[in-house]
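# Residue-level structural notes
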Number of protein chains: 2
Amino acid sequence: MAGNRSTDISVGEKNKTNILQAAEKAFAQHGFKGTSVQRIADAAGLPKTNVLYYFKTKQDLYQAVLKQTLSLWNSRFDLACETDDPAETLAEYISEKMEMSRTHPMLSKIFALEILNGAPNLNPYFNDEHLHWMQGRVAIIEAWITQGKMNQVDPHYLLYTIWASTQHYADFATQITRLRGQKMKKADFAQATTTVIQLILNGCGLTVPPHYERSQHDQLS
Amino acid sequence: MAGNRSTDISVGEKNKTNILQAAEKAFAQHGFKGTSVQRIADAAGLPKTNVLYYFKTKQDLYQAVLKQTLSLWNSRFDLACETDDPAETLAEYISEKMEMSRTHPMLSKIFALEILNGAPNLNPYFNDEHLHWMQGRVAIIEAWITQGKMNQVDPHYLLYTIWASTQHYADFATQITRLRGQKMKKADFAQATTTVIQLILNGCGLTVPPHYERSQHDQLS
DNA sequence: CGCATTCCTGACCAAGCAGTCATAGTGCCA
DNA sequence: TGGCACTATGACTGCTTGGTCAGGAATGCG
């Protein structure tokens, strides 16, 4: 038909991404067991058999969604080194993770559900990567401590705290929304981000870089 | 038969608690949808019909488990007032929550799963209680700030951070275990607790009370 | 046009599920 | 002894589910 000449992607690819989007939403909300292929198909506006045509099994589809999820873990912190400024580096890392919680809450939820279920679908490859990443980051933080750049804080628990307090805004959004009476908007996330940065950086004996400081008009009376 | 004369609880009560324990474990690991009544029955060593005899529906059983879960939220912080010492109060609160994550990880997971699923089973009563609690705690923290006892930190985000970074050790135990290579022991929890306290209290501009300080032999080289 | 590949789908099936029911054992009190 | 309440359970039912299959439509390409 006319009008679609610019889309050189095949109909198959288009359908696949469409299905993946619907699946992402469904899995994030209801978990693997709680999501039926029929529900995903309905959300994607396709017959169930068509979904099974592109992804042979529900497992395959879930694995594909999970793969996207793991891209969440990429960050500029991956490339940090011990000569970097800890305050700047950590603030940016927290900022990145908060932005992830805001813009991709469903992927965060899927990861959380996977962990809660005992992570049966996280393959050894990811585990190794993850462990390797962890060891590298821990070494850098320990170097910063040795150099006297920051307080002595166990790097493992520091990282867990950063993950927890940022992912929380995606995973526990339901709870937060109920307590606030409305969903967190972009400005709320900005405020939450500065608060988390303030807490953790000060907690490490670091000074919050000017760029990440609370802006004037956000001050309490 | 002989031997049971000291147990004045009826066989029914004994079975009920037995079933509840099995259900707690199963729901925490596989969620509501992912748990079959049969599985719970097997874990409890009873025929499925017997489980349904005590709890008419799977929903009922889940609700009963969830009710236990909500007891997690009780804390000595509930009774705090603005004349209390913020450092001492918050340190104790964090300590309590960490202890909950250590001793009742499954209940924490069930709560997390419930929230992730959109909290369809949290009744309005709990929501109201929870909101009321929140408002009370926020007021106290704001008073502390006004009194100059601690830095200006948005109380809401402070509380979220405390919840997140403590519950994390229950909900994400699988991830932590894989990264460490082994489960966290009691001593590890103690260290994690002091680290979280240090981070958050320093983050608020508070001094960690001596009792909650890292002990000497835990120091890094 | 002709053929192959990709795409699409209704009908169907076996398994697992929550929940019902009829039946039966058990302890207790009158 | 009879009756009642509680406890227990195998057999069964109706429904949802993931997945198969056979056949048909669209598309691209020589």
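Bear in mind the structure is a predicted one, so any value in this text is a computation, not a measurement. Numbers given to residues run from 1 along each chain, matching the order in which its sequence is written. Key to labels: chains lettered from A, ligands numbered from 1, both in the order written. Given that the model is predicted, a residue must reach a pLDDT of at least 70 before its local features are reported, and side-chain atom pairs must reach 80 or more before they are shown or counted; all residues, however, enter totals for whole chains, interfaces and linings. Hydrogen atoms and water are omitted, and side-chain values are computed over all heavy atoms in the structure.

Before going further, it helps to spend a moment on the relation of the copies chain B and chain A. Screw-axis analysis of chain B against chain A gives a translation of 0.0 Å along the axis, an RMSD of 0.1 Å, and a rotation angle of 180°. Such values leave the two copies arranged in the relation of a two-fold axis. Of the C-alpha atoms belonging to chain B, the one lying closest to the rotation axis is found on Gly203(B), 2.0 Å away. The atoms used to superpose the copies are C-alpha atoms, taken from residues with pLDDT of at least 70 in both, and the fit is least squares.

Only a single heavy atom is needed: when it lies within 4 Å of a molecule or strand, its residue is near that molecule or strand. Near DNA strand D, the surroundings consist of 15 residues, among which Lys48(A), Lys58(A), Asn15(B), Thr49(B) and Tyr54(B) are the closest. Of all DNA strand D atoms lying within 4 Å of any protein atom, the proportion belonging to sugar or phosphate reaches 57%. Counted as a polar contact is a pair of N or O atoms within 3.5 Å, where, for protein atoms, one must be capable of donating a hydrogen and the other of accepting one, and residues adjacent in sequence contribute only when both atoms are in side chains. Within the side chain of Asn50(B), an N or O atom sits 3.1 Å from a phosphate oxygen of DNA strand D. Between DNA strand D and the protein, one listed contact pairs a phosphate oxygen with a side-chain N or O atom of Tyr54(B) at 2.4 Å. A run of H or I in DSSP becomes a helix once it reaches four residues, and a run of E becomes a strand once it reaches two; helices and strands are each numbered from the N terminus. For the surface near DNA strand D, the element with the most residues is helix α3 (residues 48-54) of chain B, which contributes 4 residues. Following the grouping adopted for this structure description, the nonpolar residues are Ala, Val, Leu, Ile, Met, Phe, Trp, Tyr, Cys and Pro, the charged ones are Asp, Glu, Lys and Arg, and the polar ones are all others, Gly among them. Across the surface near DNA strand D, the residue classes tally to 5 nonpolar, 8 polar and 2 charged.

Note on definitions: a residue-residue contact is assigned when non-hydrogen atoms from the two residues lie within 4.5 Å. In this complex, chain B contributes 57 residues to the contact, which on the side of chain A involves 57 residues. Carbon and sulfur atoms make up 61% of the area that chain B and chain A hide from each other, which totals about 5,100 Å². Counting the surface chain B buries against chain A, the share from its top three residues, Leu116(B), Tyr157(B) and Leu179(B), is 15%. The rule for a salt bridge is simple: a side-chain nitrogen of Lys or Arg has to be within 4 Å of a carboxyl oxygen of Asp or Glu. In this assembly, chain B and chain A are joined by 0 salt bridges. Mapped by element, the contributors of at least two residues to the side of chain B that touches chain A are α1 (11-30), α6 (105-116), α7 (124-146), α8 (155-171), α9 (173-180) and α10 (186-203) of chain B. No other element matches α8(B), which puts 11 residues into the side of chain B that touches chain A. Throughout, the accessible surface (probe 1.4 Å) given up by two parts as they are put together, summed over both, is called the buried area.

Our focus in this paragraph is α9(B). A simple rule labels every residue: compare its accessible area, found with a 1.4 Å probe on the protein chains alone, to the largest value its type can have, and call it buried under 20%, exposed over 50%, or partly exposed in between. Those residues of α9(B) not exposed but buried are Thr174(B), Gln175(B), Ile176(B) and Leu179(B). Where α9(B) is buried, its residues contact α6 (105-116), α7 (124-146) and α8 (155-171) of chain A together with α6 and α8 of chain B. Phi turns positive, to about 90°, at Gly181(B), one or two residues after α9(B).

A separate point is α7(A). Each α-helix winds once per 3.6 residues, and so residues spaced three or four apart point in a common direction. All names here are of chain A. Its 23 residues place the ends of α7 33 Å apart at the C-alpha level, agreeing with the 33 Å of an ideal helix rising 1.5 Å per residue. Within α7 the residues assigned to the buried category are Phe126, His130, Trp133, Met134, Arg137, Val138, Ile140, Ile141, Ala143, Trp144 and Ile145. Gly148 occupies a position one or two residues after α7 and carries a positive phi of about 75°. By this rule, a helix spans an expected 1.5 Å times one less than how many residues it contains.

Side-chain atoms within 4.5 Å are what join buried Ala, Val, Leu, Ile, Met, Phe, Trp, Tyr and Cys residues into a set we call a nonpolar core. Of all hydrophobic cores here, the largest spans 141 residues; its most connected members are Leu61(A), Leu158(A), Tyr169(A), Leu158(B) and Tyr169(B). The contacts of Leu158(A), once residues within four sequence positions are left out, are Leu90(A), Ile141(A), Met150(A), Val153(A), Ile200(A), Cys204(A) and Leu199(B).

We now examine the pattern of salt bridges. This structure, assessed with the given rule, holds 8 salt bridges over all chains. As a salt-bridge pair, Arg180(A) and Asp188(A) come within 3.0 Å of each other at their nearest N and O atoms. In this structure, the salt-bridge partner of Glu96(B) is Arg76(B), at a minimum N-O distance of 3.7 Å. Of this pair, Glu96(B) sits in helix α5 (residues 86-103) while Arg76(B) is found in the loop between α4 (58-70) and α5, placing the two residues 20 residues apart along the sequence. By relative accessible area, which is 21% here, Glu96(B) ends up partly exposed. For Arg76(B), a relative accessible area of 58% corresponds to the exposed category. Overlapping salt bridges, with partners in common, bring together Arg76(A), Glu92(A) and Glu96(A) in one network.

Attention now goes to the protein's contact with DNA strand C. Around DNA strand C sit 15 residues in total, of which Asn15(A), Thr49(A), Tyr54(A), Lys48(B) and Lys58(B) are the nearest. Each atom of DNA strand C within 4 Å of the protein was assigned to sugar, phosphate or base; sugar and phosphate come to 56%. One of the side-chain nitrogen or oxygen atoms of Asn50(A) is found 3.2 Å away from a phosphate oxygen of DNA strand C. One of the backbone nitrogen or oxygen atoms of Lys58(B) is found 2.7 Å away from a phosphate oxygen of DNA strand C. Elements represented by at least two residues in the surface near DNA strand C include exactly α1 (11-30) and α3 (48-54) of chain A together with α3 of chain B. The biggest single contributor to the surface near DNA strand C is α3(A), with 4 residues.

On to unusual backbone geometry. Most peptide bonds take the trans configuration, and most residues that are not glycine carry a negative phi. Within the chain, Ala119(A) stands out as a residue other than glycine whose phi angle is a positive 55°. Among the secondary structure elements, Ala119(A) is positioned in the loop between α6 and α7.

This next bit is on the packing of α8(B) against α9(B). All names here are of chain B. In this analysis, axes come from line fits to C-alpha atoms, helices being fitted only over the stretch in contact, and the angle between any two N-to-C directions falls in the range 0 to 180 degrees. One way to put it is that α8 packs onto α9 with a least axis distance of 5 Å and a crossing angle of 75°. With respect to α9, the axis of α8 lies roughly perpendicular. Residues His168, Tyr169, Ala170 and Asp171 of α8 lie in contact with α9, whose contacting residues are Ala173, Gln175 and Ile176. Grouping the amino acids of the contact of α8 with α9 by side-chain chemistry returns 4 nonpolar, 2 polar and 1 charged. Should an angle fall under 35 degrees it is called roughly parallel, over 145 degrees roughly antiparallel, and 65 to 115 degrees roughly perpendicular, with every other angle called oblique.

This brings us to the domain arrangement of chain A. Residues and elements named next belong to chain A. An automatic or database domain assignment supplies the start and end points of every domain. The domains assigned to chain A are domain 1 (11-67) and domain 2 (74-211). A straight line from the C-alpha centre of domain 1 to that of domain 2 covers 29 Å. On the side of domain 2, 8 residues touch domain 1, which itself brings 10 residues to the contact. Both sides together, the interface formed by domain 1 and domain 2 hides about 870 Å², and carbon and sulfur atoms give 67% of it. Seen at the junction of domain 1 and domain 2, the total is 0 salt bridges. Across the domain 1-domain 2 interface, the total number found is 2 residue pairs in polar contact (both at pLDDT 80 or more). Those elements giving two or more residues to the side of domain 1 that touches domain 2 turn out to be α1 and α4 (58-70). The dominant element in the side of domain 1 that touches domain 2, judged by the number of residues it contributes, is α4, at 5 residues. Residue composition of the side of domain 1 that touches domain 2, by class: 5 nonpolar, 3 polar and 2 charged.

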